[in-house]
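# Descriptive analysis of the structure
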Amino acid sequence: MKLQRNGRSKALAIGAMALVSSLSLAACGSDDNTSNNAGTGSGTGSSTSAAAIACGKAGSLVAAGSTAQANAIDVWKTNFGAACSGSTINYGGGGSGAGIQQFTQGKVAFAGSDSALKPAEADATKAVCTGGQGINLPMVAGLISIVFNVEGVDKLVLDGPTVAKIFDSQITKWNDPAIVALNKDAKLPDADIQAFHRSEDSGTTDNLTKYLAKASGGAWSYPASKTWAGKGGQSANGSAGVAAQVKQVKNSISYAELSFAQTNNLKSAAINTGAAAPVEATAANAANTFAKAKIVGTGSDLALTLDYATKDEGSYPLVLVTYEIVCDKGNKAETLETLKSFLTYGASDAGQKAIGEAGYVPLPKELTGKVNAVIPTLA
């Protein structure tokens, strides 16, 4: 198959992350809400115990955007749909850029984006958010795995400069001295590197390139962007697309969220950050990085800043947060209750636990508490 080539004034430090959450669900308040009991439901790689979800009036939500959170949305919509008869969530991927575009065109109730709205994008949302504008609600946290399929290699260590040079075609062989120096015990083949990147505008690409801009020592000469700028390599659509290519193609490498690495049984490289030991791509190590994230949004906007250049022991640097972008005011009346109910479930302890079982990183309770304080104010 032929592939395309190609603050807040006082930033709030997020508290330490809890990876084990309680099963109680937070309800979204409405005088005429009705609650149904959800039996044991299973989504993509997750299961939840019976729990009450405050359903509100039945409705259908259409949403689109980040493919990084697609597996998380699958888990949530399965459990939510099982509890709330008549309510459905239709989520289309297409990438963060496409999701924001559809949101500003008024085609979706919310958009998923792995990058917070830029000022121009926020301004554009005012046309569809009557009397308000789009805000960023962090809902899904994860880590970006540098996934690889290298013949004879089970463990791989990379660092910022080496990752940058691989994805910019400056390093083209697996036995390049720079890779060998980081992997003295590995039998690296004398084989061409087959690097894959995202073909569409992607928040995952944006987060990867933010890391490269901070941690590559200048090896990545491009600005952080949703649009791929590196030289060479091959492209594929969506997180699922690049993961599938790495699974199929020997001596390949790409970047995808941990859930996609797990689903495809792909190996993930450890990252040499300058800490005493290379940091493995695990939820616990990503949690250490999220614990020091800061809120830089104002008012009800909860956009975060992350330290991609962390050298703290056990802190995995390649992390991302997917925001659900919604109108603070001006949401469609017919779907507002369903929107609030669905978001409340996603930000609840049970919702976060469910996606944690599917390869994501449960958000710190201090942050989900702030999200759950904003949701009832949506109008």
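Here the structure is a predicted model, which is why all the values come from computation and not from measurement. (Residues numbered from 1 in each chain as written. Predicted model: local features only at pLDDT ≥ 70, side-chain atom pairs only at ≥ 80, totals over all residues. Heavy atoms only, no water.)

## Some words on the overall build of the protein chain
For the protein chain, the count of helices and strands is 12 helices and 18 strands. Out of the 379 residues in the protein chain, the part that is buried amounts to 55%. Approximately 14,800 Å² of the protein chain is accessible, and the part contributed by carbon and sulfur atoms is 50%. (Helix = DSSP H or I, 4+ residues; strand = E, 2+ residues; numbered from the N terminus. Buried < 20%, exposed > 50% of the residue type's maximum accessible area, 1.4 Å probe, protein only. Areas by Shrake-Rupley, 256 points an atom, 1.4 Å probe, with all protein chains shown as cover.)

## Some words on the confidence of the model for the protein chain
Across the protein chain, the average pLDDT comes to 87, with 86% of residues at 70 or higher. Confidence over residues 1-50 falls short of pLDDT 50; this stretch has 145 contacts with residues more than four positions distant or in other chains. (pLDDT = per-residue confidence, 0-100. Contact = heavy atoms within 4.5 Å.)

## A short note on the pairing of strand S8 (residues 110-113)
Neither face of S8 is left uncovered, since the one carrying Phe110 and Gly112 and the one carrying Ala111 and Ser113 both have all their residues buried. Summarising the sheet, strand S6 (residues 60-65) and S8 pair through three bridges and their orientation is parallel. Residue Ala64 lies in a different strand from S8, and its bridge partner there is Ala111. Pairing between S8 and strand S18 (residues 319-327): three bridges, direction antiparallel. Looking at the pairing, Gly112 lines up with Glu324 of S18. (Pairing = 2+ DSSP bridges.)

## With respect to the environment of Gly65
Mapped onto the fold, Gly65 is located in strand S6. Distance from Gly65 to Gly92, taken between C-alpha atoms, is 6.5 Å for residues 27 residues apart in sequence. Filtering out sequence-adjacent residues up to four positions away, Gly65 remains in contact with Tyr91, Gly92, Gly93, Gly94, Gly95, Ser96, Gly99 and Gly112.

## Concerning the packing of helix H1 (residues 70-83) against helix H10 (residues 333-347)
Where H1 contacts H10, the axes come no closer than 10 Å and their chain directions differ by 115 degrees. Judged by the twist between their axes, the crossing of H1 over H10 is right-handed. Contact residues: Ile73, Trp76, Lys77, Asn79 and Phe80 in H1; Thr338, Ser341, Phe342, Tyr345 and Gly346 in H10. Across the contact of H1 with H10, the residue classes tally to five nonpolar, four polar and one charged. (Axes fitted to C-alpha atoms, helices over the stretch in contact; angles between N-to-C directions. Left-handed = near helix turned anticlockwise from the far one by under 90°. Nonpolar A, V, L, I, M, F, W, Y, C, P; charged D, E, K, R; others polar.)

## Topic: unusual backbone geometry
Residues other than glycine seldom take positive phi values, yet Ser169 does so here, at roughly 60 degrees. Checked against the element boundaries, Ser169 lands in the loop between helix H4 (160-167) and helix H5 (177-182). Ser169 sits in the partly exposed class, given a relative accessible area of 36%. Positioned with a positive phi, Asn265 is a non-glycine residue whose angle comes to about 55 degrees. Turning to its location among the elements, Asn265 is positioned in the loop between helix H8 (258-263) and strand S14 (267-268). With relative accessibility at 66%, the residue Asn265 sits in the exposed group.

## Section: the packing of H4 against helix H6 (residues 203-215)
Where H4 contacts H6, the axes come no closer than 9 Å and their chain directions differ by 125 degrees. The orientation of H4 relative to H6 falls into the category oblique. Along this stretch, H4 crosses H6, giving a crossing that reads as left-handed. Residues Gly160, Pro161, Val163 and Ala164 of H4 form the contact with H6, whose participating residues are Tyr211, Leu212 and Ala215. Each residue belonging to the contact of H4 with H6 can be placed in one class, and the counts come to six nonpolar, one polar and no charged. (Parallel < 35°, antiparallel > 145°, perpendicular 65-115°, else oblique.)

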